[in-house]
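Summary of structural features
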Amino acid sequence: MTKFALLLAMLGLLAVAGTAAADSHHVIVVKPNNQHGWTTADTRPGGTVGFVSDSTAPRGKGALELTTDLTTTAKAQYLHDANTPLAQVAELSYWTKQIVPPSAPAVADPSYQVVVCLNGAPTATSCPGFSTLVYEPYQGGQGAVLPNVWQVWNIDSTGLFWSTRTVTCSNGIVAGTPGGPATYTITAIKAMCPSAVVVQYGVNIGSNNPGYVVRTDLFDFNGTVYDFEPGHGHNSNGDDQGEDGDD
């Protein structure tokens, strides 16, 4: 556990026990001028994705912030492409912080999304068994969402996901329950859909979630941890610092 996480735990502010994933993992620093394959994807009018300074972030000096205005169609999304068999995915975690303006719901937090072809690898024209597996902290079975506090969610084994679509796999049926309830662990999905392939991963505020201001950092997909930082971070030679590994 990092000194920062240990301090939070001692103060009773860390809602979910865990370590800052960056301690011993491959860390990639993502900045506005070098996003390492991340894109705003299906972000829609009223939703924003941006890099902000946050001195309390679990690592570095900043975080990724997602917001929605008060319209129900607003959506904010930040995704990264992948091509990883779900059976090989061993680590999923991230840190979140709920910023609470007067309009924000008590459960506001970004969701962790795993976009999958549940029935095998995608082709140029199709994704067999397409669905998105969604973990939302307020219904993920790992504790309450607290306002204005960084919390870590280790979701690879006990986190509960819901599926956006119903898909019949070789060993069972994954029932689509858009918006919840969340009922599936990743382990259960692996057992039902042994051929599943992850094609994207990331964070999201979906439509019908107005008034969100939330942050995320140290997003871990299968041992690669993304540290979101604001600014260009140029050194005296004009080169980017901290693009990969520790700053």
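Residues numbered from 1 in each chain as written. Predicted model: local features only at pLDDT ≥ 70, side-chain atom pairs only at ≥ 80, totals over all residues. Heavy atoms only, no water.

What follows covers unusual backbone geometry. Generally, phi is negative for residues other than glycine and the peptide bonds are trans, each holding for most cases. Note that the residue after G180, namely P181, is joined by a cis bond; omega there is 10°. Tracing the chain through its elements places P181 in the loop between strand 12 (172-174) and helix 2 (186-192). Backbone geometry at H36 places phi at a positive 50°, although glycine is not the residue there. Note on H36: relative accessible area 27%, which makes it partly exposed. Located in the positive-phi region is L218, a residue other than glycine, with phi close to 45°. (Helix = DSSP H or I, 4+ residues; strand = E, 2+ residues; numbered from the N terminus. Buried < 20%, exposed > 50% of the residue type's maximum accessible area, 1.4 Å probe, protein only.)

Right, let's get into the packing of aromatic side chains. One pass over the structure, following the stated rule, counts 16 aromatic pairs. A centroid spacing of 6.3 Å and a plane angle of 85° characterise the contact between F51 and Y78, whose relative ring orientation is edge-to-face. With F51 in strand 3 (residues 47-53) and Y78 in strand 5 (residues 76-85), this residue pair connects regions lying 27 residues apart in the sequence. Given the relative accessible area of 1%, Y78 is considered buried. (Phe/Tyr/Trp six-rings, centres within 6.5 Å; stacked < 30°, edge-to-face > 60°.)

With that settled, consider the confidence of the model for the protein chain. Per-residue confidence for the protein chain gives a mean pLDDT of 86, with 83% of residues at or over 70. Taken together, the stretch residues 1-19 has pLDDT below 50 and engages in 38 contacts with residues farther than four places along the chain or on a different chain. Note that residues 233-247 has pLDDT below 50 and, in this model, 28 contacts with residues that lie over four places away or in other chains. (pLDDT = per-residue confidence, 0-100. Contact = heavy atoms within 4.5 Å.)

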